[in-house]
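Reading the structure
In case you want the letters, here they are:
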Amino acid sequence: MERLRYNSPLEARQQAAESQGFAASLEIKAGDEVFEVPQRGLLDDDQAERLAELELETESWDHGPDVTLSDGTVIPGQLLRPYRKNGKLVKPAYPVRVAVALWGEEKYARYKAAGGRAADVTAALAQLDKRVEERAGDDSKSVRDARPDSAVAEGD
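Since the model is a prediction, treat every value here as computed from it, not as a measurement. (Residues numbered from 1 in each chain as written. Predicted model: local features only at pLDDT ≥ 70, side-chain atom pairs only at ≥ 80, totals over all residues. Heavy atoms only, no water.)

1. Regarding the pattern of salt bridges
Under the defined criterion, the tally for this structure stands at seven salt bridges. For Glu134, the salt bridge identified is with Lys130, shortest N-O distance 3.9 Å. In this pair, Glu134 and Lys130 are both assigned in helix α5 (residues 118-138), four residues apart and thus about one turn of the helix distant. When its relative accessible area of 43% is taken as the criterion, Glu134 is described as partly exposed. (Salt bridge = Lys/Arg side-chain N within 4 Å of Asp/Glu carboxyl O. Helix = DSSP H or I, 4+ residues; strand = E, 2+ residues; numbered from the N terminus. Buried < 20%, exposed > 50% of the residue type's maximum accessible area, 1.4 Å probe, protein only.)

2. Observations concerning the environment of Val132
Mapped onto the elements of the fold, Val132 is located in helix α5. Taking the C-alpha atoms as reference points, Val132 and Gln39, separated by 93 residues in sequence, lie 8.4 Å from one another.

3. Observations regarding the environment of Asp44
Position of Asp44 relative to the elements: it lies in the loop between β2 (33-38) and α2 (45-58). Note on Asp44: relative accessible area 39%, which makes it partly exposed. A polar side-chain atom of Asp44 sits 3.0 Å from the main-chain amide nitrogen of Asp46. A distance of 2.7 Å separates a polar atom in the side chain of Asp44 from the backbone nitrogen of Gln47. (Polar contact = N/O pair within 3.5 Å; in protein donor to acceptor, adjacent residues only side chain to side chain.)

Put into structure tokens, the structure is as follows:
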């Protein structure tokens, strides 16, 4: 009889990501330390909460004007760059806030002291987001690929 093998949380995340065809995380080496940037679907509970709080906060930042298409569809205005709230520059900068959301203040301070840049963290997260998005686009079972004219066969 085969014994069940229990994975550590890290092994489980890596295995889940690999089975879906994307990386669980990217690693950035700064000084003698390696800093993990996990893809959004594999954030730990604290990371997910801090990043969600940041994303919610950005909704209150200054946006450009909405765009109305010829068919009446309204596309909300994009965040103005540099990011600002009520006309004042957002400080610390958005990339710093993302790095702190992922790692906390103390770990981000170590990263920065070792020569790390917050912009590299947001770039790594964007790269992971793109891989997941591309994977979803390639998956015929993905909601993204669903077409209104595609019907489910009887019995399915």
